Amino acid sequence: MISLSLIGAFIPTAFFVSITPGMCMTLALTLGMTIGLRRTVWMMMGELVGVGIVVVASALGVAAIMLQYPAVFAVLKYVGGGYLAWLGIQLWRSRGRMAISSEVEGAKTATAAGLATQGFVTAIANPKGWAFMISLLPPFISLEHSIAPQLSVLVAIILITELICMTLYATGGRSLRRFLEKSGNVRMLNRISGTLMIGVGVWLASS
């Protein structure tokens, strides 16, 4: 079974990565305000399928490296920890402001399948998502335990976290939109996430 200490570090890391404003969360907020939570759920389901594919594909690649090239996996753990710290620094330096698209008229008449496809494409076509998952998973996997249960737990945590965060954005309404449209608030959220990722990255690299 996966180490409880690693789970304890992974859950807040995954949460703050998900809650930070990005493509999927922006889409959830915009659709939630435009067509309501009930219909936005279709987009969320498509997004979760896309994220699941990205995570599973990344996990299978990590598992293959672990089994065939243990030395390379050890290097990936350090690289993953360093990448988390680097992402944290980038979030600290970010002056980003949440860009909320006004082109949502098509969503009002979109079918359930269309909304699900929109969420799926948004998730799976994001190269940063692939790069992040490939770098994120190795530091949280222990060679002292069976690989499959660990990956199953990590995948489940990521999907549950994504669902919770998208629901928060979709139900946030105009108050959350006004909050996130202010660059100072987005910067604060980025810095909270950045601080956590820097801390986790340093901890993983030194453990």
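Up top you'll find the structure we're talking about.
Residues numbered from 1 in each chain as written. Predicted model: local features only at pLDDT ≥ 70, side-chain atom pairs only at ≥ 80, totals over all residues. Heavy atoms only, no water.

A. Representation of the overall build of the protein chain in the model. What the protein chain contains, in helices and strands, is 9 helices and 0 strands. Of the regular secondary structure in the protein chain, the N- to C-terminal order runs α-α-α-α-α-α-α-α-α. Sorting the 207 residues of the protein chain into buried and exposed places 43% on the buried side. Long-range pairs, those at least 24 residues apart, make up 88% of the contacts in the protein chain between residues at least 6 apart in sequence. Accessible area for the protein chain stands at about 10300 Å²; split by element, carbon and sulfur atoms hold 68% of it. (Helix = DSSP H or I, 4+ residues; strand = E, 2+ residues; numbered from the N terminus. Buried < 20%, exposed > 50% of the residue type's maximum accessible area, 1.4 Å probe, protein only. Contact = heavy atoms within 4.5 Å. Areas by Shrake-Rupley, 256 points an atom, 1.4 Å probe, with all protein chains shown as cover.)

B. The nonpolar core, seen in detail. By size, the foremost hydrophobic cluster in this structure holds 31 residues, and its most contacted members are Phe10 and Phe140. Of all elements in the fold, only helix H1 (4–19), helix H3 (37–68), helix H4 (70–93), helix H7 (127–136), helix H8 (147–181) and helix H9 (183–206) reach the threshold of two or more residues within this core. If one sorts the elements of this core by residue count, H8 sits on top with 7 residues. If you look at the next biggest cluster of nonpolar residues, it comprises 15 residues, including Leu27, Leu115, Tyr169 and Leu189. (Core = buried A, V, L, I, M, F, W, Y, C linked by side-chain atoms within 4.5 Å.)

C. Layout of the packing of aromatic side chains. Overall, the coordinates contain 2 aromatic pairs when judged by the stated rule. Seen from their ring centres, Phe10 and Phe140 are 4.9 Å apart, and the 75 degrees between their planes marks the pair as edge-to-face. Remark: Phe140 occurs in the loop between H7 and H8 and Phe10 occurs in helix H1; sequence separation between them is 130 residues. A relative accessible area of 0% places Phe10 in the buried class. An angle of 80 degrees between the planes, with centres 5.5 Å apart, marks the rings of Phe15 and Phe16 as edge-to-face. Taking relative accessible area as the criterion, Phe15 reaches 30% and is therefore assigned partly exposed. (Phe/Tyr/Trp six-rings, centres within 6.5 Å; stacked < 30°, edge-to-face > 60°.)

D. Here's a closer look at a nonpolar patch on the surface. A contiguous nonpolar surface patch, about 340 Å² in accessible area, is contributed by Phe15, Ile160, Ile164 and Leu168. Broken down by element, the nonpolar patch gets its largest block of residues, 3 residues, from H8. Turning to its location among the elements, Ile160 is positioned in helix H8. (Patch = residues over 30% accessible without salt bridge, like charges linked within 9 Å, V, L, I, M, F, W, Y side chains within 5 Å. Salt bridge = Lys/Arg side-chain N within 4 Å of Asp/Glu carboxyl O.)

E. Focus on H1. Over its 16 residues, H1 extends 23 Å from the first C-alpha to the last, a length consistent with the 22 Å expected when each residue adds 1.5 Å. Those residues of H1 that sit buried are Leu6, Ile7, Ala9, Phe10, Thr13, Ala14, Ser18 and Ile19. (Expected span 1.5 Å × (residues − 1).)

F. The arrangement of the environment of Gly201 in detail. With respect to the helices and strands, the residue Gly201 is situated in helix H9. Setting aside its immediate chain neighbours within four residues, Gly201 contacts Gly81, Leu84 and Ala85.

G. Looking closely at the side chain of Thr13. Looking at the secondary structure, you find Thr13 in helix H1. Beyond its immediate sequence surroundings of up to four residues, Thr13 is in contact with Leu136, Phe140, Leu196, Met197 and Val200.

H. Helix H2 (residues 23–35), seen in detail. Between the first and last C-alpha of H2 there are 18 Å, a value that for 13 residues agrees with the 18 Å anticipated at 1.5 Å per step. Among the 13 residues in H2, 10 count as buried, and that is most of the element. Taken together, the buried positions of H2 are occupied by Cys24, Met25, Thr26, Leu27, Ala28, Leu29, Thr30, Leu31, Gly32 and Ile35. Gly36 occupies a position one or two residues after H2 and carries a positive phi of about 90 degrees.

I. Here's a closer look at the packing of H2 against helix H6 (residues 112–124). Between H2 and H6, the shortest axis-to-axis distance is 10 Å and the interhelical angle comes to 160 degrees. With respect to their mutual orientation, H2 and H6 come out roughly antiparallel. As H2 packs across H6, the resulting crossing turns out to be right-handed. For the pair H2 and H6, the contacting residues are Met23, Cys24, Leu27, Leu31 and Ile35 in the first and Leu115, Gln118, Thr122 and Ala123 in the second. Class assignment for the residues of the contact of H2 with H6 results in 7 nonpolar, 2 polar and no charged. (Axes fitted to C-alpha atoms, helices over the stretch in contact; angles between N-to-C directions. Parallel < 35°, antiparallel > 145°, perpendicular 65-115°, else oblique. Left-handed = near helix turned anticlockwise from the far one by under 90°. Nonpolar A, V, L, I, M, F, W, Y, C, P; charged D, E, K, R; others polar.)

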